[in-house]
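Summary of structural features
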Amino acid sequence: MKSYKVEFTQTTTFVFDVQAENEEQARTDAEYEMTQSIRNGMTHHHITGESDAEISTVYDVTGTDDDAFMWTCGKCETHFPNTPEQPRCPNCKTLVD
Ligand SMILES: [Zn+2]
């Protein structure tokens, strides 16, 4: 058996109904609503369709102690597990050496 880390990226679309004078005001109001909802843990919004989770990265961590063997991207400072191949930042795709 091999060991893998499987990373999911979840995208959820939130839709807010707002009343406003114009589009810019609507955006501002919706952003405010969104911030408040997150802060309060309340859901005054609709979620359209199913929430969508897809696998973005699979790491082969076979034979590694993944806590001890983490790479750090020199560009964006993302931490990611050691891989047998030349390590490439999963965030900005920079090769780390
Ligand atoms: Zn990076």
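In the block above lies the structure referred to throughout.
Residues numbered from 1 in each chain as written. Predicted model: local features only at pLDDT ≥ 70, side-chain atom pairs only at ≥ 80, totals over all residues. Heavy atoms only, no water.

1. A few points about helix α1 (residues 23-40)
In an α-helix there are 3.6 residues to a turn, and that puts residues three or four apart on one side. The line we're drawing: A run of H or I in DSSP counts as a helix once it spans at least four residues, and a run of E counts as a strand once it spans at least two, with each numbered from the N terminus. What a helix should span is 1.5 Å times the count of its residues minus one. Contacts described as polar in this section are N or O atom pairs within 3.5 Å, which, within protein, must combine one atom able to donate a hydrogen with one able to accept it, while residues neighboring in sequence count only if both atoms come from side chains.
For α1, spanning 18 residues, the distance from its first C-alpha to its last is 25 Å, which sits close to the expected 26 Å at 1.5 Å a residue. At the N-terminal boundary of α1, the capping side chain belongs to N22, with an oxygen 3.2 Å from the backbone nitrogen of E24.

2. Description of unusual backbone geometry
The phi torsion at E77 lies on the positive side, around 65°, for a residue other than glycine. Following the sequence through the fold, E77 ends up in the loop between β5 (70-72) and β6 (79-81). A positive phi is found at K93, a non-glycine position, where the angle reads about 65°. Here K93 shows up in the segment after β6.

3. Looking at the coordination of the zinc ion
Metal coordination angles in their ideal form are 109.5 degrees for the four-donor tetrahedron and 90 or 180 degrees for the six-donor octahedron. Here is the rule we go by: Distances up to 2.8 Å from the metal define which N, O and S atoms are donors, and 3.2 Å serves for Na, K and Ca; water is absent from the atom set, so sites may look incomplete. Labels for metal geometry use angle windows, namely 85 to 135 degrees for all angles of a four-donor tetrahedral site, and for square planar (four donors) or octahedral (six donors) sites opposite donors over 155 degrees apart plus all others within 65 to 115; sites meeting none of these are irregular.
For the zinc ion, the full set of protein donor atoms is C73 (SG), C76 (SG), C89 (SG) and C92 (SG), at a range of 2.2 to 2.3 Å. Note that the zinc ion binds four donor atoms; their angles at the metal cover 104 to 117°, and the shape is tetrahedral. Mapped onto the polypeptide sequence, the residues donating to the zinc ion form the spacing pattern C-x2-C-x12-C-x2-C. Taken together, the residues span a long stretch of sequence, with C73 in the loop between β5 and β6 and C92 in the segment after β6 at a distance of 19 residues.

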